[in-house]
Amino acid sequence: MTSALSKQTLLFTTFSLALTRFSYCSVANANVNSSIPAIANYFGTKGRYEEVNPYLINDILSVNKSLLKPGCTDCTAIHVTAIIRHGTRYPTTKNIKRMQRLYDLVLNDSMNTDKWLTEIKTKWEMWYTDDMDGKLVEKGRDDHRHLAVRLATLFPSLMSEENLRSHRIRFITSSKHRCVDSIVAFQEGLLNLWKVTEVGPSHKINDELMRFFDQCKKFIDDVENNKTALEEVHLFKASAEMKIVQMKMADQLQVPYNLITPDLVEAAFFLCSYEFAIKSLNSPWCNLFDETDAQVLEYKNDLKQYWKRGYGHDINRKSSCILFHDLFNRLDKAAHEIRFGHVSEAVTIQVGHAETLLPLLALMGFFKDETPLTADNFDMQHGRTFRTSRIVPYAANLVFVLYDCSEGLRLQFLLNETPLKFPDINHQAPLYNTVRETYRELLHGCNFEKECEPSRPNRNFEL
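Because the structure is predicted, anything quoted here is derived from the model rather than measured. (Residues numbered from 1 in each chain as written. Predicted model: local features only at pLDDT ≥ 70, side-chain atom pairs only at ≥ 80, totals over all residues. Heavy atoms only, no water.)

Q: I'd like to hear about the pairing of strand S4 (residues 347-352), residue by residue, with values.
A: Along S4, six of the six residues are buried, which leaves the element largely enclosed by surrounding structure. Burial along S4 is two-sided: the face carrying Val347, Ile349 and Val351 and the face carrying Thr348, Gln350 and Gly352 are both buried. For strand S2 (residues 169-173) and S4, the ladder comprises five bridges, and the chain directions are parallel. Residue pairing in the sheet places Ile172 in a bridge with Gln350 of S4. (Buried < 20%, exposed > 50% of the residue type's maximum accessible area, 1.4 Å probe, protein only. Helix = DSSP H or I, 4+ residues; strand = E, 2+ residues; numbered from the N terminus. Pairing = 2+ DSSP bridges.)

Q: Can you tell me about the pairing of strand S5 (residues 397-405), naming the residues and giving the values?
A: The buried fraction of S5 is high, at eight of nine residues. Relative to S5, strand S1 (residues 75-85) runs antiparallel, the two sharing nine bridges. The residue bridging Ile84 from the neighbouring strand is Asn397, located in S5. Here S5 hands over to strand S6 (residues 408-415) after two residues, the two strands then running antiparallel side by side.

Q: Residues and numbers for the packing of aromatic side chains, please.
A: The tally for this structure, following the rule as stated, stands at 25 aromatic pairs. Relative to Tyr432, the ring of Phe328 has its centre 6.4 Å away and its plane inclined at 15°; by these criteria the two rings are stacked. Within this pair, whereas Phe328 is found in helix H16 (residues 321-337), its partner Tyr432 is found in helix H19 (residues 432-438), the two being separated by 104 residues in sequence. Each member of the pair, Phe328 as well as Tyr432, is classed as buried. Among the aromatic residues, those joined into a cluster by ring pairs are Phe324, Phe328, Phe366, Phe367, Phe400, Phe413, Phe422, Tyr432 and Tyr439. Seen from the ring of Phe213, Arg309 lies directly overhead, with NZ or CZ sitting 4.8 Å from the centre. (Phe/Tyr/Trp six-rings, centres within 6.5 Å; stacked < 30°, edge-to-face > 60°. Lys NZ or Arg CZ within 6 Å of the ring centre and 35° of its normal.)

Q: So what's going on with the state of the cysteines? Which residues, and what values?
A: Enumeration over the complete set of coordinates arrives at four disulfides. Here Cys216 is linked by a disulfide to Cys452, with a sulfur-sulfur distance of 2.1 Å. Across the disulfide from Cys216 to Cys452, rotation about the S-S bond amounts to roughly -100°, and the bridge is consequently left-handed. Note that Cys216 is positioned in the loop between helix H9 (212-215) and helix H10 (217-224) and Cys452 in the segment after helix H21 (448-451), a separation of 236 residues in sequence. With respect to burial, Cys216 and Cys452 carry one shared label: buried. Covalently, Cys321 is tied to Cys446 through a disulfide, its sulfur atoms 1.8 Å apart. Its S-S torsion of about -80° marks the bond between Cys321 and Cys446 as left-handed, since a negative value means left-handed. Of this pair, Cys321 sits in helix H16 while Cys446 sits in the loop between helix H20 (440-443) and H21, and the two are 125 residues apart along the sequence. In this structure, Cys321 and Cys446 share a single accessibility class: buried. When the cysteines of the protein that form disulfides are numbered from the N-terminus onward, they connect as 1-6, 2-8, 3-4, 5-7. (Disulfide = S-S within 2.5 Å.)

Structure below.
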């Protein structure tokens, strides 16, 4: 059985939903005037960065330097590596087509005449077009311009105009247009901060680092192209929890239950999230869901990321070995150079995808829940640490800060500008040698070419 709910419970819930349809709609309408959707904290990888750091809503350039204290005296930051997800983007063509199907259904089949739904039918227009296909939006450019200013404020001695001019700040990006546009916007943020009008610094495209998953044959064979790799996601889409969300949405729209598929439910959820992320609008589409629905849909999306990019399959993590070694090679180089008084590379900015950040986090042991995420344990996972809404919103960032301190080199990790302790190390900025010892097995192994060799077919035939 793929759900804690029995068929009897599901039937009873269906009956109850029919009785409470109109009261539910009234509750939904009560939230329409809020500028932030009540479900904004559940948008997963489609969420705004501001929901992770709400203080930015009032001051987008706000920083808290006190968070950077490494827990000891006489420390100077000597190197920063920041691995950043691209900024807010348009939906992909695949999701735009789903949205269009939903919009057509609402226009042609919905019998509901409530004010919020009438607004969709008469005022809202399907403005998403296929050619948008995941491109960066202006809000996404601002995400990176503002992040650049905040990081420069946190690390003024490293992210400085002088270091930029002397090529001590390096920029690396995925080849995808949303990533290239993001890193250009990041550079614009720095140039605007320093009031520099000349052409910004160059960047290098490196898909081996920033899109390692495309280069990993074992991942492609065992996960990307394996129909059974995401079985838990498919099971949850057919679960009682999802059926309830479908039925509630059908009741809201007053259409037959069989017209509302899991894909259309997700399309409506995405419409709510994209309208908010791109335009800062609390769209009438958001009225189709309450918090309970949003938790179910967030879990569905987290299941997908868990089994495709996280702990679900070992190769998900191991595919990021090349980025892991690149990170520690940079840190080792800075650790070596500081002994001679000068670090050649002060800052490295790398822009990729949620699919870049999540495998690396999993490889390093972050956000590993004691109980794996599965289709049948949704009720047990409300307190899970693996929540993409909190980990990888648009412009999510992993920042590694190497300090030269009186008692030795120390390393601090920031996730989305907030310090986070390394797994199994009880110090905000442990000695760098302690971190290296913690990851000793990975540092001496985790060979990308070896880990990504395709699985060999079984050649043990019975005679």
